[in-house]
Each structure stands twice: as structure tokens, then as C-alpha cells.
Amino acid sequence: MNHLQCILQAQRSLRWGPLASVSWLLLRTCRTHSSFSGATCPSAKGQQEDGVQKDFSSRLATGPTFQHFLRSAAVPQEKLSSPDVEDSPPYLTVDELLGRQKKVYLETYGCQMNVNDTEIAWSILQKSGYLRTNSLQEADVILLVTCSIREKAEQTIWNRLHQLKVLKTKRPRSRGPLKIGILGCMAERLKEEILNREKTVDILAGPDAYRDLPRLLAVAESGQQAANVLLSLDETYADVMPVQMNPSATSAFVSIMRGCDNMCSYCIVPFTRGRERSRPVASILEEVRKLSEQVLQLIHERDNICKQIHLPAQSGSSRVLEAMRRGYSREAYVELIHHIREFIPGVSLSSDFIAGFCGETEEDHLQTVSLLQEVQYNMGFLFSYSMRQKTRAYHRLKDDVPQEVKLRRLEELITVFREEATKANKTFVGRTQLVLVEGLSKRSATDLCGRNDGNLKVIFPDVEMEDVTNSGFRVRAQPGDYVLVKITSASSQTLKGHVLCRTTLKDSSAYC
């Protein structure tokens, strides 16, 4: 009897059904402890049968257990998106998985998750050597990221495929065949129907199969249709950093979970995106950190973005910050301040502070004083604590700092803030500032008021001035104009100076 026959006989004697996973386990046990001879499998009679059962049980006990497989499933190995380090399929070489600078055109339909999916898919393809194009005519690969939430959304894709079929047919043979792929929810829901109904489609990839795109495209190069629509219980693309499709976009989406378990009676999402699973917190924070750095870099580079950031501290004491449930320590806050100033030299900073929060000691107060001195804010908003009903502090904490102590501490904070802000603002004296005019000064009908690049208030006389854009003309500044002002004095609240000329944002760089 051969190994498999012996295993099945043992299964019957132990009253186990021939399940695939159990068969695999038994086969592995037999191979590891190879005393089952292909020619001498024991018979199932008398003592020999009992011997087989006991011998089989002892061998089974030394093999992997059910818990072994649970542990393996619970801790998925980190997945790498680059074919250079992944094991390539046995029928494809690593070289065949590379894009070789083929141009990919991506179209996104549907919700914000599909926008994020597009960025993930592009990140994976970019690492595999593909290039992106915004022109259908240039594309070697066209990928549609699709939606199935309503019938109209699917019909839009069917119509689009008819249009792309013409493009595929007219493509010159010298450029090689055009590949068309359906990604996302529609690929997951319709599967075979798409491949059978539209021979135009070369690849299908469900929402959990984007890592497989290089392989699918490699298979399609051989002239075959390729599909992967398997849903996953653990895929979150945690290690794939999305690449924004539009570099000039004014917003970005950060995905924190995939799938859905709600099973609303009208909704297809659980069937197209699978079970709900959360993305690891560390991965989310890393993506947010990179997006934040992009924002800081943009503020530094662009003249039309104000170089000012409001960063509420509330307290300089880590103990009080914990009681406030702010989610950061003093040390982390100061580190962020240094990080911002490295990215944006000369950035203007403002903050909020509360004096006399529940349980605040004199030492806590002095730590807030020292934070004001250390950071040297340009602007600040400082208040004494007043308890609000329905808040957590109202239910859990005691408003135990006397009112007179709150007011004293507030005055001390205001005094220190003004001293440090005056020092910071005096660094502008003697320098020329580009000012956006807002209107008349509230304190003088003969002065105008505006804001500089750091959002600081600048006061200057309302007089005629040269207009840089019209040589020889003299004008009076109007709200919305840009003017150059040379700063002559500074306080904790404002800068003052005399106006030089009216200019534009573009022309001002020659003077500042």
C-alpha cells in the first residue's frame, strides 16, 4: 500500500473525514517519521490495527498542532511590494515581473477608498519599474479602478470598456498590444462575467490583490487573461506608502481600515471588500508624518502660503497635559517645534494656554512659564480655566485651583509671553516685509493695517507710494494689495514701519 492509501485507511479507523488540511498534516507526519513503508503498510486487523492507531497517534502528537496553524495565521509576515525581494512565481522570472518603463494610465471611479486604492496600486507598479502617463494615447497599460455600489456605476465601466476597445483595436502592432485591466470592487463582484463578456479585458484584480499586479501584467504579456480576486482577512497594505496621483492636490486621504462587517441589507461592500480589518497604528502614523512633512516643505517653498503655524500647547507640564488628555508630553511638543523650525526657518508660531487647570501645582505653572520662554511665540491666546458642564473634567476632576490663583498665574503667563514675543518681533526691525493690505487701522484713520508672511500685524501710514508694476505712477494702497514696508519698531502685538511701494507677489522677491 502506498503512503496516501495508508493515510486514508488510518483516517477511516480514527473516524476522520478525508479533509484536505488533515490529509496534508498526516502526509507530512508520515514523511517526517517514515516508518510507513510503501510495501508494508500494516493491515487493519486485530492487534496490528491497534498498533497502527497507537503508532499513528504518537506520531500525530509530535507533529504540528491546530494551535500552530492559528499562531501562523494570527501573525502574518510582512509583505514586500517589490518583485526584487519577493519570491517570484515558478513560471516567471524576476526580470519578467519588471515593468521595463511601460506607461500606465489609471482612471478612478467611485468613493475615496478607490482614490486611496489607486495610489496604492500605483505605488506598487512604480516600484516594479512602470511609468505613469496622463495620456490614453501614450499608455501601454490602462487600469480602471472601479465601483460596484450601484448599477449605474458598473454601467459606466461597461460603456468605458466599449470606448477602450476601439483604442485597443487601432493600436499599431509596432507598439505591442495594449493591456486593459479592471481593478477594485467590480472585478471582485463580477469576476468571470467580465472576462467572458469583454475579451478586451486582460487582467482582473480585486481590492486585496494589488500586490499581485506585476505578476498579472506579466502573465497578460503572454496573451493570456489573468485574474486575482481573492479576498484577504489581513491585507491592509500597511507597508505600501500611497503615491498621490495629483502632485498639486490640495487634500490627501489616509486609509485606516479596509472592508466592512456591518452587512447592511442593501450594501455590496462586505462582499466586494471583504471582512473589516484595521490598519496598524504605526503604519497610519508614519503616513500622516510623511504627509505633514510634505505640507511643511510646501509652506517653505511657496511664497503664496503664510509661514505661520498655530500649535496649541495648553500647558508646559506633562502631568497637566496627561490630565487634560492631550495625548502628548512637553518633550514631544518641543521636539515638534524644533522639527517645524528646521523645515521652515523663520516660521511664526502661535499657541493657546490655560492657567489654573484642575490639579495644577505651582511647579506645573512654572513649567508652562519656562515653555513660553523656550519657544518664544510670536502670538498667543492665554486664558484662565473655567470648568464646563458635560466635560470629562466636570465629571472626573476637581476644579481645585482658587480663582485668585488662576488670575495671578494668568497674569504671569501674559507678562512672560509679551516679553518673549517682543524679543521675537524685534528681529524684524530694519528688515523689509511684504505686507498684504487688509484696510484701515482700528486705532488711527491715517494708518493702514496688513499682515506679513508670518501673519503678524503691520501698521504703516496711508500715503501715496510708487507702483512697481506701473513705473512713474503713484498710488494709494487698497485692501488686497501687496506693499513693501520697512519695519522701524516692534511690540508683542504689532510691527510698525514706513511703506516703500506697491508690488506683486511675483515681483516682491527682488526686494525682500
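Residues numbered from 1 in each chain as written. Predicted model: local features only at pLDDT ≥ 70, side-chain atom pairs only at ≥ 80, totals over all residues. Heavy atoms only, no water.

- Naming follows an unreviewed UniProt entry, where the protein chain appears as CDK5 regulatory subunit associated protein 1 of Rhinolophus ferrumequinum.
- The annotation that UniProt attaches to the protein chain under Cofactor (unreviewed entry) is "[4Fe-4S] cluster". (UniProt positions renumbered as here; feature names shortened; annotations may be inferred.)

### Thoughts on the overall build of the protein chain
- For the protein chain, the count of helices and strands is 16 helices and 18 strands.
- Counting across all 512 residues of the protein chain, residues that qualify as buried make up 42%.
- Taking as baseline every contact in the protein chain between residues at least 6 positions apart, the subset at least 24 positions apart corresponds to 66%.
- A total of about 28,600 Å² of accessible surface is found on the protein chain, and carbon and sulfur atoms cover 53% of it. (Helix = DSSP H or I, 4+ residues; strand = E, 2+ residues; numbered from the N terminus. Buried < 20%, exposed > 50% of the residue type's maximum accessible area, 1.4 Å probe, protein only. Contact = heavy atoms within 4.5 Å. Areas by Shrake-Rupley, 256 points an atom, 1.4 Å probe, with all protein chains shown as cover.)

### Things to note about empty space enclosed by the protein
- Going through the model one piece at a time under the given rule, you end up with three cavities of 30 Å³ or more.
- Considered as a void within the structure, the second largest cavity measures approximately 40 Å³ in volume.
- Around the second largest cavity, the lining residues are N116, I120, T236, Y237, V240, P242, S255, R258, R279 and E287.
- Class assignment of the residues belonging to the lining of the second largest cavity gives a composition of four nonpolar, three polar and three charged. (1 Å grid on protein atoms, 1.4 Å probe; cavity = no way out; pocket = protein on both sides within 12 Å on 5 of 7 lines; lining within 4 Å. Points joined across faces, edges and corners; volume = space filled by probe spheres on them. Nonpolar A, V, L, I, M, F, W, Y, C, P; charged D, E, K, R; others polar.)

### Some points on the nonpolar core
- Counting 28 residues, the largest nonpolar core has V104, L125, L143, L183, I203, Y210 and L213 as the members making the most contacts within it.
- By residue number, the principal contributor to this core is helix α9 (residues 213-220), which donates six residues.
- If we skip the residues at most four places from it in the chain, V104 touches W122, L125, Y130, L131, R132, T133, V141 and L143.
- If you look at the next biggest cluster of nonpolar residues, it comprises 27 residues, including L311, I340, V369 and I414. (Core = buried A, V, L, I, M, F, W, Y, C linked by side-chain atoms within 4.5 Å.)

### A look at helix α11 (residues 281-301)
- With 21 residues, α11 extends 30 Å between its outermost C-alpha atoms, agreeing within 8% with the 30 Å of an ideal straight helix rising 1.5 Å per residue.
- For α11, the complete set of buried residues consists of S283, I284, E287, L291, L296 and I299. (Expected span 1.5 Å × (residues − 1).)

### Here we look at the layout of surface pockets
- If you add up the space inside the largest pocket, you get close to 900 Å³.
- Every residue lining the largest pocket is counted, 34 residues in all, and those nearest its centre are K307, Q433, N452, D453 and G454.
- Its residues assigned to classes, the lining of the largest pocket comprises 14 nonpolar, 14 polar and six charged.
- Taken domain by domain, the lining of the largest pocket gets at least three of its residues from each of domain 2 (304-427) and domain 3 (431-503).
- The space that makes up the second largest pocket amounts to roughly 560 Å³.
- Forming the boundary of the second largest pocket are 21 residues, of which Q244, P247, A249, L291 and Q294 lie nearest the centre.
- For the lining of the second largest pocket, the leading source of residues is α11, giving seven residues.
- Of the residues assigned to the lining of the second largest pocket, the class counts are 11 nonpolar, six polar and four charged. (Domains from an automatic or database assignment.)

### Considering the state of the cysteines
- The final tally for this structure, using the stated rule, is zero disulfides.
- Take C185: it sits in no disulfide, and the sulfur closest to it among the cysteines is that of C147, at 6.3 Å. (Disulfide = S-S within 2.5 Å.)

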